Structures are given as structure tokens and as C-alpha cells.
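# Descriptive analysis of the structure
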Amino acid sequence: MATPPAPGGFLVDFDLTDDEMAFDEEVRGFVDDFIRPNLAQWHNERAIPREYWQELGKRGWLLVHKDGDDWVERPMMELAIMYDRISELSPGAGIAVFANNQLGVYAPYTWGSEHIRDRWIEPASRGDKVISFCNTEPSAGSDVKAIQTQAKLDGDEWVITGRKMYITNAVEADALVVSAVTDPLADDPRQGQTLFIIDPDTPGMKVRGLKKIVWEPASLAFIQLDNVRVPEEQVIGDLHGGFDHTMGTFTNGRIGVAAMTMGTATGALRLAHQRAKRRKIYGTTLWEIRTKRHEFGDMAIIAEAGRLLYRKAAWLRDNGRDFKMAASMAKLYATEKAKELTMWAAYLHGGSGVLEENRIHRYPLDAWASAMGEGAPEVQRLLIARFFDEWIEQF
Ligand SMILES: Cc1cc2nc3c(=O)[nH]c(=O)nc-3n(C[C@H](O)[C@H](O)[C@H](O)COP(=O)(O)OP(=O)(O)OC[C@H]3O[C@@H](n4cnc5c(N)ncnc54)[C@H](O)[C@@H]3O)c2cc1C
């Protein structure tokens, strides 16, 4: 029976729709039937195979798909549910699909020409091309306007030289979205950047894998561009408008990072719950100890609040409403609280938590990694404060 609205208030429906619930079931099935049985092998090989992308593509889960001549973008709520569910079992598999969809595919799909959509996005939507987004450089991360990679026009080709660092999926990527300075004399460096889409086998491109300790088995790479020549048709969106496109990509991406991070937190919480019920201590179980119960209560609130925040941001976006503040809140809360929750969950495992075979040890590292991309915590706080004057008036 539906709950009646509070007197003088209005009814807020917190349920997922029937379609979203059916989608969630489908994702759970995919995680159990496809990712779970293969995950150990992916970790051993430290690589995610092409079948992963193709299975996602078959289901239409790679951000967009074509229906006849029309492009269909999957609603943010469904994408967020998917990042959440996949990351619960494997934050590495979660970041791989998140980074491909919300960074690599999002920018060329949203601002790219028909040519770009036909040549790169259509195969990407089937899982036949993986696309990485390459903004960070050895000397510029949070400060996006400080990138050094240069692109100079020579005839009708751009010649690009620079270095990109910490690029997810780039080892196996079939296309790279690269930000570069195209107007070094612009008064405001934010008006002087452009995005390009580049095939990694273009002469002058070198991609080198980096060994890392987070988000296994997804790959991470360093990229060198030495006089890489690309035709003008490989410019994504507005010439000198690249900074805004990058920021638009990151703003939208925050909802997905928040969802992925709440999945990471839930994965750790589930393992802690199972461990607490099993672990005998002082003639009882960890679960029966009152202070431990208090801690589980606190962690349940984090898991619930984080999920509500990202779902609100996704709902705002799917309904054409301004979601910027909500996305920053969701991302900041999820990443800050997931660090606390996952570390607590690992600690609850006692000594067994440090064994390599125990996957609990991955979760705190993966939660830590989530905080960095799409704007560091300090940046999120500043963004939230930017909306504060208007936001406070609604109460
Ligand atoms: C595993 C992983 C995957 C990644 N994948 C990608 C990818 O696919 N594509 C891509 O382009 N990049 C990627 N990155 C890079 C990521 O986006 C950057 O690491 C991030 O932007 C931070 O930049 P930085 O590492 O240069 O750190 P810095 O920007 O140097 O930050 C250093 C410290 O300063 C703090 N800080 C930042 N801004 C402020 C501020 N305004 N006030 C106070 N303190 C501040 C930060 O919180 C941090 O603690 C990835 C990084 C990692 C670790």
C-alpha cells in the first residue's frame, strides 16, 4: 500500500521504476554469470578481455546504441545502477566501463560530428572499440587549464605533441580523446584548448602500460605524442572549446563516479557483514558484539545516504534539471565516506584482511582512487559552495 503524503507535504517516491528494477536484475545476472566466473583469470592476466566490452555492447550498456538511424543514450539512472552493481564485485571492471562510457565515449558522442559518430562511436557502442579520455599530464591534473600538450595547424592537419598520464583503459584502447592547447596566446587558457580523437596506431603515438595497485584488472597508461598528425575532421566539438567540453564531461561523470564508489563501499560492507556473522570471538560472533553492531548501523547510513545522493543527481539529469551541485555532493560524499567505510571493513577482517587471496584488501585502495578523478575533494567543496546562496533559499 502506498504511503500517504505527510500533512501539507508531498509524496516523494524513492522506488526505482519497474524498468529500472528490471534493469538492475539484468545487471546482477551479468555480474554473476559473466564477471564473477572470469574475474580471477582477468586478475591473473592483469587485463580485461575484449569479450567484456562485446558483452556490454550486446546489451546496449556502452552509453549509447543505435536504434535504426537514431542514437539512443541510456538514462543516467540505469548507467549509475550498472556502475554501482559491477563495482560491488569488481571496482576494476567498474572503472573500466565507467571510463570508457562517461569519459571516452561521452565527449565525442555529445560534441562530435556525424563522421566521428559513424567512425568511432558506432563500433564503440558494440564493444568493438574502447575509447580512453586523455586529459591528465605529468604536470597538470586537477588544474585542467594548465595542460601543456600542443596542437599546431599545418595545412589542413593538426600536429600534436605532448604527454598524457594515468589514462584508464589506454593499453587496449582503439581510440584516444586527447586535450591539447590550440591557442597558446588566448588571454584565458580556458578558451584555448581543443579535444581531438586519435587512433593509437597513428605515427608518433606511444602507449606504455603503468603498474598500479588500484582498480585491477583495468589498465592504466602513459602516452607520448610526438608530432602526431591528425586531420581537422578529428576535432571534437568546438575549436578552442575543449576546456568546456572536458568540464562538461567531468561534471556529468561525477554521477557515475559516485555510483561506482557506492558499489565499492557496498562490496566491502557485504564482505564485512559475512565475516562478522562467521567469525567466532569470545564465545560468540563479531556480529553479536554490541559495539560492532553500532558500527554496522553507522555504515548502513553511509551506504544509504551515498546511494540516495547519486540517485537524486541521476534523476535530475534524466529529467533535464540542473544536476551540477547534486553531482558534486554525490561524488564528494561517496568518495570521502567510502574511504572510511572500506577501511573499517578491511580492519574488521583482522589479520585475514592483509592476505593477497582476500579481496577485501582491494576495496580501500579502490575507494581512495575514486577520490582523484573528475575533480578532487577540495574542488568539489568549492563547486558546491558556488551554488550555496541559491540552494539555502529552498528551505
Ligand atoms: C587510477 C587512476 C585512473 C585515472 N584515469 C584517468 C583517465 O582515464 N583520464 C585522465 O585524463 N586522467 C585520469 N586520471 C588522473 C586523475 O584525473 C588525476 O589524478 C586527478 O585529476 C588529480 O590530478 P593529479 O594526479 O595531477 O594530482 P594534483 O592535481 O596534483 O593534486 C594533488 C593534491 O592536491 C589536491 N588539490 C587539488 N585541487 C585542489 C584545490 N583546489 N585546493 C586544495 N587542494 C587541491 C588534491 O586533492 C590532491 O590531494 C586517473 C588517475 C588515477 C589515479
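All figures in this text were calculated on a predicted structure; none of them were measured in a lab.

With that settled, consider the packing of aromatic side chains. Tallied over the entire structure, the rule returns 16 aromatic pairs. Pairing Phe23 with Trp61 gives two aromatic rings, centres 5.4 Å apart and planes at 70°, and the pair type is edge-to-face. In this pair, Phe23 sits in helix 1 (residues 18-45) while Trp61 sits in the loop between helix 2 (50-58) and strand 1 (64-67), placing the two residues 38 residues apart along the sequence. We classify Phe23 as buried; its relative accessible area is 4%. A centroid spacing of 5.7 Å and a plane angle of 85° characterise the contact between Tyr83 and Phe98, whose relative ring orientation is edge-to-face.

What follows is about a nonpolar patch on the surface. Residues Val12, Phe14 and Leu308 make up a contiguous nonpolar surface patch of about 300 Å² in total accessible area. Mapped onto the fold, Phe14 is located in the segment before helix 1.

What follows is about the pairing of strand 4 (residues 150-154). Alignment of strand 4 against strand 5 (residues 157-168), held across 5 bridges, turns out to be antiparallel. Among the inter-strand pairings, Ala151 is bridged to a residue of strand 5, identified as Ile160. Once strand 4 ends, the chain turns through 2 residues before running back antiparallel as strand 5, passing Gly155 with a positive phi of about 65°.

Another point: the domain arrangement of the chain. Each assigned domain of the chain is listed here: domain 1 (18-130), domain 2 (133-240) and domain 3 (244-392). A separation of 23 Å is found between the C-alpha centroids of domain 1 and domain 2. At the interface, 29 residues of domain 1 touch 21 residues of domain 2. Summed over both sides, the interface between domain 1 and domain 2 buries roughly 2100 Å², with carbon and sulfur atoms accounting for 62% of that surface. Contact with domain 2 buries area across many residues of domain 1, yet Arg46, Trp120 and Val130 alone supply 28% of it, more than any other trio. Connecting domain 1 to domain 2 are 3 salt bridges.

Lining the immediate surroundings of the ligand are 17 residues, of which Phe133, Thr136, Ser142, Tyr166 and Glu378 lie closest. Measuring from an oxygen atom of the ligand, one finds a side-chain N or O atom of Ser142 at 2.6 Å. Here a nitrogen atom of the ligand sits 2.9 Å away from a polar atom, N or O, in the main chain of Tyr166. Relative to its unbound accessible area of 980 Å², the ligand is 64% covered by the protein chains. Those elements that place two or more of their residues in the shell around the ligand are strand 3 (131-134), strand 5 and helix 10 (377-386). Ranked by the residues each element gives to the shell around the ligand, the list is headed by strand 5, at 3 residues. Of the residues contributing to the shell around the ligand, the split by class is 10 nonpolar, 6 polar and 1 charged.

About the cut-offs
- Residues numbered from 1 in each chain as written.
- Predicted model: local features only at pLDDT ≥ 70, side-chain atom pairs only at ≥ 80, totals over all residues.
- Heavy atoms only, no water.
- Phe/Tyr/Trp six-rings, centres within 6.5 Å; stacked < 30°, edge-to-face > 60°.
- Helix = DSSP H or I, 4+ residues; strand = E, 2+ residues; numbered from the N terminus.
- Buried < 20%, exposed > 50% of the residue type's maximum accessible area, 1.4 Å probe, protein only.
- Patch = residues over 30% accessible without salt bridge, like charges linked within 9 Å, V, L, I, M, F, W, Y side chains within 5 Å.
- Areas by Shrake-Rupley, 256 points an atom, 1.4 Å probe, with all protein chains shown as cover.
- Salt bridge = Lys/Arg side-chain N within 4 Å of Asp/Glu carboxyl O.
- Pairing = 2+ DSSP bridges.
- Domains from an automatic or database assignment.
- Contact = heavy atoms within 4.5 Å.
- Buried area = accessible area lost by both parts, 1.4 Å probe.
- Near = heavy atom within 4 Å.
- Polar contact = N/O pair within 3.5 Å; in protein donor to acceptor, adjacent residues only side chain to side chain.
- Nonpolar A, V, L, I, M, F, W, Y, C, P; charged D, E, K, R; others polar.

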